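Letter by letter, the chains look like this.
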Amino acid sequence: MDTGGIREARGISGCLVCGSCTRVCPSARHGGFVPDEFIGAVDEGREAVGIWDCLQCRRCSHACPAGIDVAATVQDVRRLYAAAGNAPAKFLRAAETARETGASVARSPRIAKQRADLGLPVSAREGSG
Ligand code: SF4
Ligand code: SF4
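If you're wondering where the values come from, they're calculated on a predicted model, not measured in any experiment.

Asker: Pulling in residues and values, what's your account of the site of ligand 1?
Answerer: Close contacts around ligand 1 come from 16 residues, with Cys-25, Cys-54, Cys-57, Cys-60 and Ala-71 the closest. Those elements giving two or more residues to the shell around ligand 1 turn out to be helix H3 (26-29), helix H5 (59-63) and helix H6 (70-83). Counting residues per element, the shell around ligand 1 draws most heavily on H6, at 3 residues. Looking at the shell around ligand 1 residue by residue, the class counts come to 12 nonpolar, 2 polar and 2 charged.

Here it is, written out as C-alpha cells:
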C-alpha cells in the first residue's frame, strides 16, 4: 500500500505494539476490524484490511499511549482507497443518496415498512422512493 505520507503524518512509527487500541475496539471485539494490525500494515506499507468495518467511535485514539490518532488514520486510508475506486458499493450508494437527497438512507417502501413495524409514524411521502 502506498500510504501517500500517512505513515509519517500520523507518527505511525511511534507505535508501541501494545494492543491497547484493539482491546478497547468494539469492532475487533465482534470479529471485525483490528486496529493494531491496521497500524502495523500502515507502518509496513501492507494492504489494510477491514477498514470499512471501523465504527469511527474513536476509542482507540483515546486509548493509545503513543498519541496515535488511530481513527483518523483509518479515515486517511479510507480516503486513499476511495480515491482509487476501492470503496464498498454500499458506502458509495449512501454517499450518492446523501448528495442527491441530503439523507444517507433514501425513502423506500422497505424503510416505510420497518417504521410501521416499529410503531413509528409513516408519512404520506414515506415509501414513495
Ligand atoms: S474508531 Fe474504529 S478502530 Fe477505533 S475503536 Fe472505534 S471501531 Fe475500533
Ligand atoms: S494503542 Fe497505539 S501504540 Fe498501542 S498498538 Fe495501538 S496504535 Fe500502537
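Asker: How would you sum up H6? Please name residues and give values.
Answerer: Over its 14 residues, H6 runs 20 Å from end to end, which matches the ideal 20 Å to within 8%, given 1.5 Å per residue. Among the residues of H6, Val-70, Ala-71, Thr-73, Val-74, Asp-76 and Val-77 are the ones counted as buried. In this structure, the buried side of H6 is in contact with helix H1 (6-9), helix H2 (20-23), helix H4 (35-44) and H5. Following H6 by one or two positions, Gly-85 adopts a phi angle in the positive range, close to 80 degrees.

Asker: Requested: an account of the site of ligand 2, with residues and values cited.
Answerer: Taken together, 15 residues surround ligand 2, and among them Cys-15, Cys-18, Ser-20, Cys-21 and Cys-64 come closest. Those elements giving two or more residues to the shell around ligand 2 turn out to be H2 and H4. Its residues assigned to classes, the shell around ligand 2 shows 12 nonpolar, 2 polar and 1 charged.

Asker: How would you explain the domain arrangement of the protein if you had to name every residue and give the values?
Answerer: Segmenting the protein into domains produces domain 1 (6-83) and domain 2 (88-129). Using C-alpha coordinates to define each centre, domain 1 is positioned 31 Å away from domain 2.

Asker: Can you break down the packing of H4 against H6 residue by residue, with the values?
Answerer: Across the interface, H4 lies against H6 with an axial gap of 11 Å and an inter-helix angle of 55 degrees. By the angle between their axes, H4 is oblique relative to H6. The hand of the H4/H6 crossing is left-handed. Contact residues: Pro-35, Phe-38, Ile-39 and Val-42 in H4; Val-70, Thr-73, Val-74 and Val-77 in H6. Its residues assigned to classes, the contact of H4 with H6 shows 7 nonpolar, 1 polar and no charged.

Asker: So what about the nonpolar core? Which residues, and what values?
Answerer: Phe-33, Phe-38, Val-42, Ile-51, Val-70 and Val-74 are the most contacted members of the largest nonpolar core, which totals 20 residues. Listed by contribution, the elements that provide at least two residues to this core are H4 and H6. Residues in contact with Val-74, not counting those within four places in the same chain, are Phe-38, Ile-51 and Cys-54.

Asker: Provide a residue-level description of helix H7 (residues 89-101), including the pertinent values.
Answerer: Helix length check: H7 (13 residues) gives 18 Å between terminal C-alpha atoms against 18 Å at 1.5 Å per residue, within 8%. Counting buried residues along H7, only 0 of its 13 residues qualify, which leaves the element largely exposed. Phi for Gly-102, located one or two positions after H7, is positive at around 85 degrees.

Criteria and thresholds
Residues numbered from 1 in each chain as written. Chains lettered and ligands numbered in written order. Predicted model: local features only at pLDDT ≥ 70, side-chain atom pairs only at ≥ 80, totals over all residues. Near = placed C-beta within 6 Å. Helix = DSSP H or I, 4+ residues; strand = E, 2+ residues; numbered from the N terminus. Nonpolar A, V, L, I, M, F, W, Y, C, P; charged D, E, K, R; others polar. Expected span 1.5 Å × (residues − 1). Buried ≥ 20, exposed ≤ 12 C-beta atoms within 10 Å, placed from the backbone. Contact = placed C-beta atoms within 7 Å. Domains from an automatic or database assignment. Axes fitted to C-alpha atoms, helices over the stretch in contact; angles between N-to-C directions. Parallel < 35°, antiparallel > 145°, perpendicular 65-115°, else oblique. Left-handed = near helix turned anticlockwise from the far one by under 90°. Core = buried A, V, L, I, M, F, W, Y, C linked by C-beta atoms within 7 Å.

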